[in-house]
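Chain by chain, the residues:
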Amino acid sequence: MVDFDSVFSANARNMKKSVIRELLKLTVQPEIISFAGGLPAPETFPVADLKVAADVVFDKHATKALQYGTTEGDNDLKAELIKFEERQGVSLKSENLLVVSASQQALDMVAKLFLDPGDYVIAGRPTYVGAIQAIQSYSAKILGIPFTPEQDGFDMDALERSYAKTLHGGGKVKYIYVIPDFQNPAGFCWSLAKRKALLDFSYKHDLIIVEDSPYREIRFMGEHIPSIYQIDQHGENRGTVINLKTFSKILSPGLRVGWIMASDTIISKLVIAKQAMDLCTSVFTQKWLAEYMKTGKLYDVIKNTCENYREKRNVMVACLEEFMPKRWEIKWTKPEGGLFLWISLPKFINTDELILKAVQKEKVAFVVGSAFYFDQPEHNAMRINFSYCSPDTIREGVKRLARVIEAELVAYEAGHRAQTAPEGV
Ligand SMILES: Cc1ncc(COP(=O)(O)O)c(C=O)c1O
């Protein structure tokens, strides 16, 4: 009998299950209202138009679409992506663009490219769990930086202090990982000043920034802010920002296609890293996407998606205001884009325990806040998704969530009274 543990590599032994993916398995029963996943609204998928585009691929490019393709990506799709980015003020050459099998692959490729065991990556506390998984699977460490109370980016003093301390302790920081637009999990959006400050910090210390932007186009209120990639491009243009984009939240996550924008030196290395992973991203899907993009209809889909999510976000925020208990401080973010908001509860409520009660008693699910920390997790927070459920279901789900939290407050208050009651009473 092979003792698998003795043959797994050190990296494999380091790999941890995603709490979210495990939790999602629990929440597939139809009676559960799930705010847990990061699923886009299925009604935003342009099924009929995608079917037409797939037919065009079969009619016009069948043999090419069914063949292997280049690792760099299909030229028709790259041409469409260049136009798409140009409309947003990013000028892009083909050698600065790499098509990938969605952003999760990009996160793994970037980690593979830069990280040796023991290296550090700077990231926010909290941050996207899939990025934590990718970094940890290369036996690297994360230097966690808190956000400001205004939630407009990193606490820059904390960043300077932690960075200096890490260097002093002999640690090597390889890159900074950030999600400036409607971050997963909390929906924070970085201000222009904070984006510039981070770029200056990266210049000062010769660090690369990995800017993960799956939600960038999903802004449903407020003013557009340039990406860090754009700020570098229009400023010193040092080419040290790597920008990760994906079709997952603007069109469909099932297609599994994304793109990386970076300097040609970095793209050439990433191409080699990708070759060992999958040779190339599905050629059929790339051709399909190119045909679909040529129709120009993606812009309407993005517009409709933003309208859909604005309504749902507003319903969720209004329901939280209506139903959440008021006698303790319960706070939630009010994001201007993306798919999630983040609820902070009183410290005595542990959402790792609350989730089981929520699913079993009230049939409502969320993601525990602790999943988004790599060390010293906060246990009194949760991430809830507003993109997937209908407005009516959101209303019912928030009512259920409020009931679970109310029960927890009542139990705490009763316990507290019993403890503080004078003897004999
Ligand atoms: C911040 C962030 N990065 C990357 C991903 C992965 O997305 P993709 O579907 O493109 O692999 C997600 C998915 O939710 C995400 O939230």
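Residues numbered from 1 in each chain as written. Predicted model: local features only at pLDDT ≥ 70, side-chain atom pairs only at ≥ 80, totals over all residues. Heavy atoms only, no water.

## Examining the packing of helix 4 (residues 47-65) against helix 12 (residues 283-294)
- Closest axis-to-axis distance for the helix 4/helix 12 pair is 8 Å, and the angle between their directions is 125°. Looking at the two axes, helix 4 sits oblique to helix 12. Crossing handedness for the pair helix 4 and helix 12: right-handed. Facing Asp 49, Leu 50, Ala 53, Ala 54, Val 56, Val 57, Phe 58, His 61, Lys 64 and Ala 65 of helix 4, the residues of helix 12 in contact are Val 283, Phe 284, Lys 287, Trp 288, Glu 291 and Tyr 292. (Axes fitted to C-alpha atoms, helices over the stretch in contact; angles between N-to-C directions. Helix = DSSP H or I, 4+ residues; strand = E, 2+ residues; numbered from the N terminus. Parallel < 35°, antiparallel > 145°, perpendicular 65-115°, else oblique. Left-handed = near helix turned anticlockwise from the far one by under 90°. Contact = heavy atoms within 4.5 Å.)

## Considering the site of the ligand
- Around the ligand, a shell composed of 15 residues is seen, among which Asn 184, Asp 212, Tyr 215, Thr 246 and Ser 248 lie nearest.
- Within the contact set of the ligand, an oxygen atom lies 2.8 Å away from a side-chain nitrogen or oxygen of Asn 184.
- Note that an oxygen atom of the ligand is positioned 2.6 Å from one of the side-chain N or O atoms of Ser 248.
- Relative to its free-state accessible area of 390 Å², the ligand is covered by the protein chains to the extent of 92%.
- Looking at the shell around the ligand, the element that brings in the most residues is helix 6 (residues 102-114), giving four residues. (Near = heavy atom within 4 Å. Polar contact = N/O pair within 3.5 Å; in protein donor to acceptor, adjacent residues only side chain to side chain. Areas by Shrake-Rupley, 256 points an atom, 1.4 Å probe, with all protein chains shown as cover.)

## Let's talk about a nonpolar patch on the surface
- Residues Val 2, Phe 4, Val 7 and Phe 8 make up a contiguous nonpolar surface patch of roughly 420 Å² in combined accessible area.
- Mapping Phe 8 onto the fold places it in the loop between helix 1 (4-7) and helix 2 (10-14). (Patch = residues over 30% accessible without salt bridge, like charges linked within 9 Å, V, L, I, M, F, W, Y side chains within 5 Å. Salt bridge = Lys/Arg side-chain N within 4 Å of Asp/Glu carboxyl O.)

## Some thoughts on the sheet that holds strand 5 (residues 173-178)
- With respect to topology, seven strands assemble into an open sheet ordered 2-8-7-6-5-3-4, the strand pairing being mixed. Each having just a single partner strand, strand 2 (97-100) and strand 4 (141-146) make up the two edges of the open sheet. Mean inter-strand twist for the sheet, computed between neighbouring axes without regard to direction, equals 25°.
- One ladder, built from four bridges, connects strand 5 with strand 6 (residues 208-212); its direction is parallel. The residue bridging Ile 176 from the neighbouring strand is Ile 209, located in strand 6.
- Across the sheet, helix 6 touches strand 2, strand 5, strand 6, strand 7 (241-246) and strand 8 (258-261), and the angle it forms with strand 7 is around 155°.
- Of the strands in this sheet, strand 3 (120-125), strand 5, strand 6 and strand 7 touch helix 9 (residues 192-204), which is tilted by about 170° from strand 5. (Pairing = 2+ DSSP bridges.)

That is the geometry; function is a separate question.
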